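Okay, here's what each chain looks like letter by letter:
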Amino acid sequence: RTQYSWFIVNTLSSAINHFNKHRSQRMRETLRLQLGQEYVMCDDFAKALSVLGHSMDEFRASQWWAFLVTSLRLALRCAYATAQVEDYFTLAVELLGNKYGYKEDEKVRLQANIERIISNEVPEPEPGLSVAHIKKAESLWRAGMDRLWK
C-alpha cells in the first residue's frame, strides 16, 4: 500500500504559503489544521503539535470555536504522545471550559488525568492512539514526570 502522507504534507505546505502570500487568513488556518492532521497520520506528533499551536491562537482570536475544538482535541493527543506535560496540562484545562461543549464523561476523564499529573502519575492515554504509541508515550511520561517533579 502506497503512503501518500508526505506528498500531502508538501502540497499543504505549498498551499499554506500561497494563501499566506495572498493574505487569506481563514484558508491558511484551515489548511494548517489539515496539515496537523496529516502530521498525526505520519506519526510526527511533535510537528503536529507545533502547527496546531499556531492555528489555535488564530481560532481563539477569530472565535472560530468548531475549528478550535478540533485543534484542541488533536493537540491534546499529540501532547500525550510526545509527553509534553505542560502542553497537555494547559490543553486539558482549556477543554474543561463550558464554551467547547465537551461531553461530561470526557471532562471527568480529563479531570482525572489532571489529578494524576498533579500526583506525579502518568495520565490515562488519549483515545485514538495505537498500542505502540501508548507504550512509547508512557515511558516518555515517566521520564518527563521525574524531571518535572525533581
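As shown above, the structure is provided for reference.
Conventions we followed
Residues numbered from 1 in each chain as written. Predicted model: local features only at pLDDT ≥ 70, side-chain atom pairs only at ≥ 80, totals over all residues. Heavy atoms only, no water. Helix = DSSP H or I, 4+ residues; strand = E, 2+ residues; numbered from the N terminus. Buried < 20%, exposed > 50% of the residue type's maximum accessible area, 1.4 Å probe, protein only. Core = buried A, V, L, I, M, F, W, Y, C linked by side-chain atoms within 4.5 Å. Contact = heavy atoms within 4.5 Å. Expected span 1.5 Å × (residues − 1). Axes fitted to C-alpha atoms, helices over the stretch in contact; angles between N-to-C directions. Parallel < 35°, antiparallel > 145°, perpendicular 65-115°, else oblique. Nonpolar A, V, L, I, M, F, W, Y, C, P; charged D, E, K, R; others polar. Salt bridge = Lys/Arg side-chain N within 4 Å of Asp/Glu carboxyl O.

1. Overview of the side chain of Glu38
- Tracing the backbone shows Glu38 in helix H2 (residues 25-41).
- A residue is classified by how much of its surface remains accessible, and Glu38, at 10% relative accessible area, is buried.

2. Re the nonpolar core
- Formed by 42 residues in total, the largest nonpolar core has its most connected members in Leu35, Leu72, Leu76, Tyr88, Leu91, Leu110 and Trp141.
- Contributing elements (two or more residues each) for this core: helix H1 (5-21), H2, helix H3 (45-62), helix H4 (65-81), helix H5 (85-95), helix H6 (104-118) and helix H7 (131-148).
- If you tally residues by element for this core, the top one is H4, at 10 residues.
- Residues contacting Trp141, with those up to four places away along its chain left out, are Ala79, Tyr80, Ala83, Val85, Tyr88, Ile117, Val122 and Pro123.

3. Brief notes about H1
- The terminal C-alpha atoms of H1 lie 24 Å apart, and with 17 residues this matches the ideal 24 Å at 1.5 Å per residue to within 8%.
- Buried residues along H1 sit in contact with H2.
- Following H1 by one or two positions, Arg23 has its phi on the positive side, about 55°.

4. Let's talk about unusual backbone geometry
- Its identity is not glycine, yet Asp43 carries a phi of approximately 65°, on the positive side.
- Counting through the fold element by element, Asp43 comes out in the loop between H2 and H3.
- Under the relative-accessibility criterion, Asp43 is labelled partly exposed at 45%.
- Positive phi, normally seen in glycine, also occurs at Asn120, with a value near 60°.
- Structurally, Asn120 is set in the loop between H6 and H7.
- Judged by its relative accessible area of 36%, Asn120 falls in the partly exposed class.

5. Some words on the packing of H4 against H7
- It is the contact of H4 with H7, at a shortest axis distance of 8 Å, that shows an interaxial angle of 70°. Taken together, the axis directions place H4 and H7 in an arrangement best described as roughly perpendicular. Between H4, through Ala79, Tyr80 and Ala81, and H7, the contact on the second element is made entirely by Ala137, Glu138, Leu140 and Trp141.
- Each residue belonging to the contact of H4 with H7 can be placed in one class, and the counts come to six nonpolar, no polar and one charged.

6. Focus: the pattern of salt bridges
- Across all of its chains, the model carries eight salt bridges by this definition.
- For Glu29, the salt bridge is made with Arg28, and the minimal N-O distance between the two is 2.9 Å.
- Judged by relative accessible area, which is 1%, Glu29 ranks as buried.
- Judged by its relative accessible area of 14%, Arg28 falls in the buried class.
- One network of salt bridges, in which partners are shared, links Arg28, Glu29 and Arg32.

7. Topic: the side chain of Asn113
- Looking at where Asn113 falls in the secondary structure, it is placed in helix H6.
- Once residues lying within four places of it in the same chain are set aside, the contact partners of Asn113 are Tyr88, Pro123, Glu124 and Glu126.

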